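Descriptive structure summary
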Amino acid sequence: MSRAADLITFDEATSAEAFTSRFGTPDDATARLLSAVVCHVHDLIKEFRPTQEQWRKVLDFLTEVGHASDERRQEWVLFSDLVGASALVEEINSRRPSGATPNTIRGPFFRTDTPERALGSSISLDGAGLPLLVEGRVEDLDGLPITTAEIITWQANAEGYYENQQPDLQPEFNLRGLFRPDQDGKFHYRTVRPAGYGVPGDGPVGRLFAQAGYPLHRPAHLHFVVRAPGFETITTHIYDAEDPRLGEDALFGVRPELVHPIEQTVIDGKPASRIRVRFVMVRARPGRGK
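Quick caveat, the model's predicted, so the values are computed rather than measured.

Focus on the side chain of Gln170
For Gln170, the position within the fold is in the loop between strand S2 (150-155) and strand S3 (176-179). Among the polar contacts listed, one links the side chain of Gln170 to the backbone oxygen of Tyr161, at a separation of 3.2 Å. Engagement of the side chain of Gln170 in a polar contact is seen with the side chain of Gln166, the distance being 2.8 Å. If we ignore the near neighbours within four places in the chain, the residues touching Gln170 are Asn157, Tyr161, Tyr162, Glu163 and Leu175.

Overview of the UniProt feature "domain: Intradiol ring-cleavage dioxygenases" (unreviewed entry) in the protein chain
Taking the numbering used here, the UniProt-annotated feature "domain: Intradiol ring-cleavage dioxygenases" (unreviewed entry) corresponds to residues 125-266. Taken as a whole, residues 125-266 contains 6% helix and 36% strand, while its terminal C-alpha atoms sit 19 Å from one another.

A short note on a nonpolar patch on the surface
A surface patch of nonpolar side chains, amounting to about 630 Å² of accessible area, comprises Leu33, Val37, Val41, Ile45, Trp55, Val58, Leu62 and Trp76. For the nonpolar patch, the secondary structure elements donating two or more residues are helix H2 (29-48) and helix H3 (52-68). Looking at the nonpolar patch, the element that brings in the most residues is H2, giving 4 residues. Its place among the elements puts Ile45 in helix H2.

What to know about the packing of aromatic side chains
Tallying each qualifying case throughout the model produces 11 aromatic pairs. A centroid spacing of 5.0 Å and a plane angle of 55° characterise the contact between Phe224 and Phe279, whose relative ring orientation is tilted. With Phe224 in strand S7 (residues 221-227) and Phe279 in strand S11 (residues 270-281), this residue pair connects regions lying 55 residues apart in the sequence. The pair Phe224 / Phe279 is uniform in exposure class, with both members buried. By the ring-pair criterion, three or more aromatic residues cluster together here, those being Phe61, Trp76, Phe79, Phe209 and Tyr214.

What counts, and where the lines are drawn
- Residues numbered from 1 in each chain as written.
- Predicted model: local features only at pLDDT ≥ 70, side-chain atom pairs only at ≥ 80, totals over all residues.
- Heavy atoms only, no water.
- Helix = DSSP H or I, 4+ residues; strand = E, 2+ residues; numbered from the N terminus.
- Polar contact = N/O pair within 3.5 Å; in protein donor to acceptor, adjacent residues only side chain to side chain.
- Contact = heavy atoms within 4.5 Å.
- UniProt positions renumbered as here; feature names shortened; annotations may be inferred.
- Patch = residues over 30% accessible without salt bridge, like charges linked within 9 Å, V, L, I, M, F, W, Y side chains within 5 Å.
- Areas by Shrake-Rupley, 256 points an atom, 1.4 Å probe, with all protein chains shown as cover.
- Salt bridge = Lys/Arg side-chain N within 4 Å of Asp/Glu carboxyl O.
- Phe/Tyr/Trp six-rings, centres within 6.5 Å; stacked < 30°, edge-to-face > 60°.
- Buried < 20%, exposed > 50% of the residue type's maximum accessible area, 1.4 Å probe, protein only.

Here you go:
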């Protein structure tokens with residue numbers, strides 16, 4: 001019998017099978033993932049039945065995203081963030097027991113060279129904004145203090161911009177700091193209340209989502225990385241409970257346990273705000289410490 005009789009004819013009913021059959025038995029994880037992606041793409045094409053012109057627009061968009069990405073800007077990362085893929089990968093890979101602080105995505109504005117600062121000092125180097133006192137504690141699931149922790153924090157300013165977005169307008173390392181807790185696992189520092197902001201809307205990804213009417217907002221928040229020997233590193237946000245856009249976070253980072261109220265207080269005899277946070281760490285499992 002001719003080998004042609006064993007061939008799968010490519011048509012609408014068999015398109016996905018025709019592709020996946022060429023892998024044989026896809027034992028490789030990459031082959032399995034590629035097969036699944038292609039099958040989903042074929043299903044979408046069959047469901048929406050685009051014209052050649054419409055499909056060309058899809059390819060043009062993908063091409064434009066690639067051209068807009070470089071070492072300073074990554075539109076594909078933005079796309080992954082906006083569709084919830086980044087948050088989902090983080091969720092799958094950082095599940096923790098009840099009571100532990102959950103992870104969120106780190107975002108694009110983290111710096112590895114954040115300077116260490118003394119407890120009680122201010123990370124607002126230009127003093128622009130409403131004063132905010134941050135008080136916190138690092139502990140384990142039993143409530144015992146973790147005194148060996150490092151707390152790295154960074155945030156947007158009162159206008160919604162990070163220091164590395166405005167190198168000519170903000171001081172170097174503005175609104176960034178690394179702190180070490182005291183013998184009770186506590187830390188505190190001064191800053192200013194951050195503003196929420198819109199994710200970049202000037203590139204192909206932002207334009208597409210804006211055209212579709214998708215919210216491109218991030219509610220006001222503080223970023224933290226908390227790490228300690230023998231414990232899983234926490235990468236997370238703390239959100240301002242007063243922000244009206246908590247339900248529209250474009251990067252899907254808001255969780256009830258990460259939303260904290262802002263209290264009124266006094267700093268240096270002047271009205272200010274205060275937020276209290278608690279980070280609960282879990283013991284590291286092999287390969288999960290970083």
